[in-house]
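Structure at a glance
If you want the building blocks of each chain, they are given just below.
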Amino acid sequence: TARKTATRKLRLPGKLADCSNGSSEGTEIFLVEGDSAGGSAKSARNRETQAILPLRGKILNVASATADKLYSNQELNDIIQALGCGRGPNYDQNKLRYERIIIMTDADVDGAHIASLLMTFFYLEMSQLIENGNLYIALPPLYKISSGTKVMYAMDDNQRDFFLKEHFNDSKKVEINRFKGLGEMPAQQLRDTTMDPKKRQLLKVIVPN
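Residues numbered from 1 in each chain as written. Predicted model: local features only at pLDDT ≥ 70, side-chain atom pairs only at ≥ 80, totals over all residues. Heavy atoms only, no water.

This brings us to the overall build of the protein chain. Helices and strands together make up the secondary structure of the protein chain, namely 7 helices and 8 strands. A compact globule built from 209 residues should have a C-alpha radius of gyration of about 17 Å, and the protein chain, at 18 Å, falls within 12% of that. Its C-alpha atoms give the protein chain principal-axis dimensions of roughly 65 × 35 × 30 Å. Here the protein chain, with 209 residues, has 45% of them falling under the buried criterion. Looking at the protein chain alone, contacts between residues at least 24 apart form 65% of all its contacts between residues at least 6 apart. Carbon and sulfur atoms provide 47% of the accessible area of the protein chain, an area that totals close to 11400 Å². (Helix = DSSP H or I, 4+ residues; strand = E, 2+ residues; numbered from the N terminus. Rg over C-alpha atoms; globule rule 2.2 N^0.38 Å. Buried < 20%, exposed > 50% of the residue type's maximum accessible area, 1.4 Å probe, protein only. Contact = heavy atoms within 4.5 Å. Areas by Shrake-Rupley, 256 points an atom, 1.4 Å probe, with all protein chains shown as cover.)

Encoded structure:
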């Protein structure tokens, strides 16, 4: 049973960079792959409304794990503790500490795998969180294309080729940078492309009928 005391909010994972807003309204937590990406995200965030929780590598596959393994897994316990709403039959939507939970992983195959493991965890342990529209996936770009002062970001190879053909076909010198991961992106670029609510794209995770 969760103790309803004034210290409840203080029992948070040590690596969580929490936001300063006391209410859950308008706040979001980014679940980020690795400490280096977590460092960039912490520099890029809006401290008032955006929290960062770095995760170490691939989390446990909840679909095939025993209950004992789930309970003893540090990464999953950190997520449960940070969200504050409990899991399974003890889930309480009213105790959810953030309005949006955003999975932010690298724009590659490993990142997609980590995102799928996290979605599996939420679907099996906190399905109401998805049903209530609280879970999202961030869409960081894979490429930065620049020529002089003209800069565009592409999500994948197809978009890169399209931008080169449509927007840079008359440019003499075009520079293409492939991001190796979120940790390699300067904080300003990470903010502009992936974290700023005015510029970013998010995918909402839903459960189809």
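There is more to say, and it comes next.
Membership of the largest hydrophobic core comes to 34 residues, with the highest contact counts inside it found for Ile29, Leu31, Ile79, Leu83 and Phe122. Contributing elements (two or more residues each) for this core: strand S1 (28-33), strand S2 (50-55), helix H3 (74-83), strand S3 (100-104), helix H4 (109-125), helix H5 (127-131) and strand S4 (135-138). Ranked by residue count, the leading element in this core is H4, at 6 residues. If near-sequence neighbours (up to four positions away) are discounted, Leu83 is found in contact with Ile29, Lys95, Leu96, Arg97, Tyr98, Ile101, Phe122, Met126 and Leu129. Formed by 16 residues, the second largest nonpolar core is a distinct cluster that contains Ala37, Phe179, Met185 and Met195. (Core = buried A, V, L, I, M, F, W, Y, C linked by side-chain atoms within 4.5 Å.)

Bringing the confidence of the model for the protein chain into the picture now. Of the residues in the protein chain, 94% have a pLDDT of 70 or more, and the chain-wide mean is 88. Of the regions scoring below 50 in pLDDT, residues 1-9 engages in 9 contacts with residues more than four places distant in sequence or in other chains. (pLDDT = per-residue confidence, 0-100.)

In this fold, Phe122 is placed in helix H4. In the structure, Phe122 is positioned 13 residues away from Leu135 in sequence and 8.5 Å away in space, judged by C-alpha atoms. Setting aside residues no more than four positions away along its own chain, Phe122 makes contact with Leu31, Ile79, Leu83, Ile101, Ser127, Leu129, Ile130 and Leu135.

Okay, the packing of aromatic side chains next. Counted according to the given criterion, the structure contains 3 aromatic pairs. Their ring planes at 50° and their centres at 6.1 Å tell us that Phe162 and Phe163 sit as a pair that is tilted. Residue class for Phe162 comes out partly exposed when judged on its relative accessible area of 44%. The side chain of Arg160 reaches across the aromatic face of Tyr143, ending 4.9 Å from its centre. (Phe/Tyr/Trp six-rings, centres within 6.5 Å; stacked < 30°, edge-to-face > 60°. Lys NZ or Arg CZ within 6 Å of the ring centre and 35° of its normal.)

Pairing is mixed across the open sheet formed by 5 strands, whose spatial order is S2-S1-S3-S4-S8. Looking at which strands have only one partner, the edges of the open sheet turn out to be S2 and strand S8 (202-204). Neighbouring strand axes in the sheet, compared pairwise and without regard to direction, differ in orientation by 25° on average. Across 3 bridges, the pairing between S3 and S4 is parallel. The residue bridging Ile103 from the neighbouring strand is Ile137, located in S4. On top of the sheet, helix H7 (residues 187-195) reaches S1, S2, S3 and S4; it is set at about 120° to S3, its chief contact. (Pairing = 2+ DSSP bridges. Axes fitted to C-alpha atoms, helices over the stretch in contact; angles between N-to-C directions.)

A separate point is H7. Taken residue by residue, H7 has Gln189, Leu190, Thr193, Thr194 and Met195 as its buried positions. The arc that holds every buried residue of H7, seen down its axis, measures 150°, which confines them to one face. (Arc of directions from axis to C-beta.)

Another aspect to go through is helix H1 (residues 35-44). Considered for burial, the residues of H1 that qualify are Ala37, Gly38, Ser40, Ala41 and Ala44. Looking straight down H1, one finds that the buried residues subtend no more than 165° of arc, so they occupy a single side. Looking at the buried residues of H1, the elements they touch are S1, S2, S3 and H7.

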